[in-house]
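Analysis of the macromolecular model
The chain contents come next:
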Amino acid sequence: MEVRAFLAAPALRVREADPDAALVAAAREEPRMFLALYDRYFDRVLGYARLRIRDDATCEDVTSTVFTTALAQLARFRGDGSFAGWLFQIARNAVRDVHRRPRAEPLPLEAACAEPDVEEQFLARERAAQLHAALRLLDPEQQHLLALRYGAGLAFDEIAAIVGANPGTVRVRVHRILEELRRRYPHDD
Amino acid sequence: MTTDQIERDLRTIAVPRDTDERLRDATRARLDEQLLVHPRRRPKVRIALGWAAVAGVATAAVLVSIGGPGGSAGPAAADAAILRHALRSMTAPANMIVHVKETGFQDGTPVGVEWWQQTSPPHALRMIKGAGGQQVEGAEDGTTSFQYDPATNTIAETPDATAPALVDPIEGVRDQLATGGAQVAGTATIDGVSLYKIELPTGVTAYFDTTDYRPMYLDNPQGDGSIVRTRVVIYEELPMTPDTAKLLSIAAQHPGSRVQARTAPSKP
């Protein structure tokens, strides 16, 4: 009931000032200032890519591409939305391009050996592979939301600013997606 | 399995790793390269080479002289930035050698041009043009013009005090970008690569890489309404060294050739 009432509420959104606006303005004047934006978002974009793409090398390629594209197209960013929103839209497009390519066979998981840390590593990879497989069954919008939340590590209000919803709505949507993912995720029991 | 466990697993996938620093540095290096801006100091070249007589490759001269639709209102700020970057990418610093190679097809015949030019006085240059398997090679250094005849392995030297200059599609594109007549017409995908599309008042359409703004293709309208697409195979700036200076010299490229001195043609 509470959730329904919340969803039915009018979507009143106050557009908050973009925390990156000053750096973006500086980068327009002096392109090297873009590196400050790069430093601020590198980990987040890489994390986002890791949640959307299983292959490590492809994640790295996508991350590099996101920033070189953002730098090349910074003049096109008109500031209508947040810089983060624009940047993650580039990331989302880059991921979409990867997913559109003919899919290569994933590399086989390395065989476990007797050493405990290697075995643990193997199990973690296997678990990650299963989770990635479950993620890919979600629709791209759902994957995008989860990657923003758990890959980029953004707060609900930051995601809300990016996707143009209010934070409460985003919280509910993420929770529902997690529930769906839980149903699809292989159980040990 | 609870949603809390799934949340934890999701975060684990994205957790930073030791190897991330390597990627961070490598990407920063790529951005640094991208941020390198070439100063706009290249002097404007002036006249056409006198030896550009091969019929097929006369295209090069034709391509920049064909009239086209005029420009419209000034470009938006973003488009202006693209035009500025494109111009910069084609404007080499002083004391360098610009090396350009373009290839294409005209009426089914392969045509191509390759040239090297010094960006500082005396702006010496060497050019090879070819069409349908035939090639001409010439050079100028500000005091003499040279023409190489492969059939006799002879270099004809003629006194020529006019400043070396050339007519080439790329030069035409640069001039149009510099004079503000060009306008961005969005992006286009050629061979799977997304490129900036820039239209010039001459009717030529140039396509630039969206990352480093290097020229990639030129669409050249012909008198019969057809379009000849030229691919810019090479566009590079080389440092001026004793080795690279040889690229400007026909004698250095054909060390066993015979030299034949000619007198300058009398002026009308």
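Residues numbered from 1 in each chain as written. Chains lettered and ligands numbered in written order. Predicted model: local features only at pLDDT ≥ 70, side-chain atom pairs only at ≥ 80, totals over all residues. Heavy atoms only, no water.

1. Some details on the overall build of chain B
- Counting its regular elements, chain B contains seven helices and twelve strands.
- Taken across its 268 residues, chain B has 46% of its residues classed as buried. (Helix = DSSP H or I, 4+ residues; strand = E, 2+ residues; numbered from the N terminus. Buried < 20%, exposed > 50% of the residue type's maximum accessible area, 1.4 Å probe, protein only.)

2. Focus on the overall build of chain A
- Looking only at helices and strands, chain A has nine helices and zero strands in total.
- Listed by position from the N terminus, the elements making up chain A come as α-α-α-α-α-α-α-α-α.
- Within chain A, buried positions represent 43% of all 189 residues.
- For chain A, the share of sequence-separated contacts (at least 6 apart) that also reach a separation of at least 24 residues comes to 66%.
- As displayed, chain A has an accessible area near 10,600 Å², and 52% of this comes from carbon and sulfur atoms. (Contact = heavy atoms within 4.5 Å. Areas by Shrake-Rupley, 256 points an atom, 1.4 Å probe, with all protein chains shown as cover.)

3. Details of the pairing of strand E9 (residues 205-209) of chain B
Residue and element names in this part refer to chain B.
- Most of E9 is tucked away, with five of its five residues classed as buried.
- Linking strand E8 (residues 193-199) back to E9 in an antiparallel pair, the connection comprises five residues, with Gly203 at a positive phi of about 100°.
- Relative to strand E10 (residues 215-221), E9 runs antiparallel, the two being bridged by four bridges. Of the residues in E10, the one forming a bridge with Phe208 is Pro215.
- As consecutive antiparallel partners, E9 and E10 are separated by five residues, and within that stretch Tyr213 has a phi angle of approximately 65°, a positive value. (Pairing = 2+ DSSP bridges.)

4. So, the interface of chain A and chain B
- Facing the 39 residues of chain A at the interface are 32 residues of chain B.
- Taken together, both faces of the contact between chain A and chain B bury some 3,600 Å²; the carbon and sulfur share is 61%.
- Of all residues in chain A, A:Arg50, A:Arg76 and A:Tyr150 bury the most surface against chain B, accounting for 18% of the area lost on that side.
- The interface formed by chain A and chain B contains seven salt bridges. (Buried area = accessible area lost by both parts, 1.4 Å probe. Salt bridge = Lys/Arg side-chain N within 4 Å of Asp/Glu carboxyl O.)

5. Notes on the packing of helix H3 (residues 34-52) of chain A against helix H7 (residues 140-151) of chain A
Residues and elements named next belong to chain A.
- One can describe the packing of H3 onto H7 by two numbers: an axis separation of 8 Å at closest approach and a directional angle of 135°. As far as their axial angle goes, H7 and H3 are oblique. Between H3 and H7 lies a crossing of right-handed hand. Contacts between H3 and H7 involve Arg44, Gly47, Tyr48, Leu51 and Arg52 from the former and Pro140, Gln143, His144, Leu146, Ala147, Leu148, Tyr150 and Gly151 from the latter.
- Its residues placed into classes, the contact of H3 with H7 shows seven nonpolar, four polar and two charged. (Axes fitted to C-alpha atoms, helices over the stretch in contact; angles between N-to-C directions. Parallel < 35°, antiparallel > 145°, perpendicular 65-115°, else oblique. Left-handed = near helix turned anticlockwise from the far one by under 90°. Nonpolar A, V, L, I, M, F, W, Y, C, P; charged D, E, K, R; others polar.)

6. Quick look at the confidence of the model for chain A
Residues and elements named next belong to chain A.
- Scored by pLDDT, chain A comes out at a mean of 79, with 77% of its residues at no less than 70.
- Averaged over each element, pLDDT in chain A is lowest for helix H1 (residues 2-8) (29) and highest for H7 (94).
- pLDDT under 50 marks residues 1-16. Its contacts with residues more than four places away, or in other chains, come to 14 contacts.
- Counted against residues more than four places away or in other chains, residues 105-116, with its pLDDT under 50, gives 13 contacts. (pLDDT = per-residue confidence, 0-100.)

7. Concerning the nonpolar core
- Counting residues in each nonpolar core, the largest one holds 62 residues, and the members touching the most others are A:Phe34, A:Phe67, A:Phe83, A:Phe88, A:Leu146, A:Leu181 and B:Leu10.
- Top element by residues in this core is H3(A). It accounts for eleven residues.
- B:Val100, B:Val184, B:Val204 and B:Val232 belong to the second largest nonpolar core, which has 28 residues in total. (Core = buried A, V, L, I, M, F, W, Y, C linked by side-chain atoms within 4.5 Å.)

8. Points about the packing of aromatic side chains
- The full count for this structure, using the stated rule, is nine aromatic pairs over all chains.
- The interplanar angle of 75° and the centroid separation of 6.4 Å between the aromatic rings of A:Tyr41 and A:Phe88 together place this pair among those described as edge-to-face. Residue A:Tyr41 is located in helix H3, and its partner A:Phe88 is located in helix H5 (residues 83-100); the two are separated by 47 residues in the primary sequence. Each member of the pair, A:Tyr41 together with A:Phe88, is buried.
- Through pairs of rings, three or more aromatic residues link up here, namely A:Tyr41, A:Tyr48, A:Phe77, A:Phe83, A:Trp86 and A:Phe88.
- Sitting over the face of the ring of A:Phe156, A:Arg149 holds its NZ or CZ atom 4.0 Å from the ring centroid.
- Here B:Arg229 stacks its cationic end above the ring of B:Tyr217, 5.9 Å away from the centre of that ring. (Phe/Tyr/Trp six-rings, centres within 6.5 Å; stacked < 30°, edge-to-face > 60°. Lys NZ or Arg CZ within 6 Å of the ring centre and 35° of its normal.)

9. Let's talk about the side chain of B:Thr244
All names here are of chain B.
- Structurally, the position occupied by Thr244 is in helix H6 (residues 242-245).
- Judged by relative accessible area, Thr244 falls into the buried class, the value being 14%.
- Residues contacting Thr244, with those up to four places away along its chain left out, are Ile97, Leu238 and Pro239.

10. Some points on the packing of helix H2 (residues 21-29) of chain A against H3(A)
Residue and element names in this part refer to chain A.
- It is at 8 Å that the axes of H2 and H3 come closest, and there the two elements cross at 140°. With respect to H3, the axis of H2 lies oblique. Where H2 abuts H3, its residues Leu23, Val24 and Ala27 lie against Phe34, Ala36, Leu37 and Arg40.
- Partitioned by chemical class, the residues of the contact of H2 with H3 number six nonpolar, no polar and one charged.

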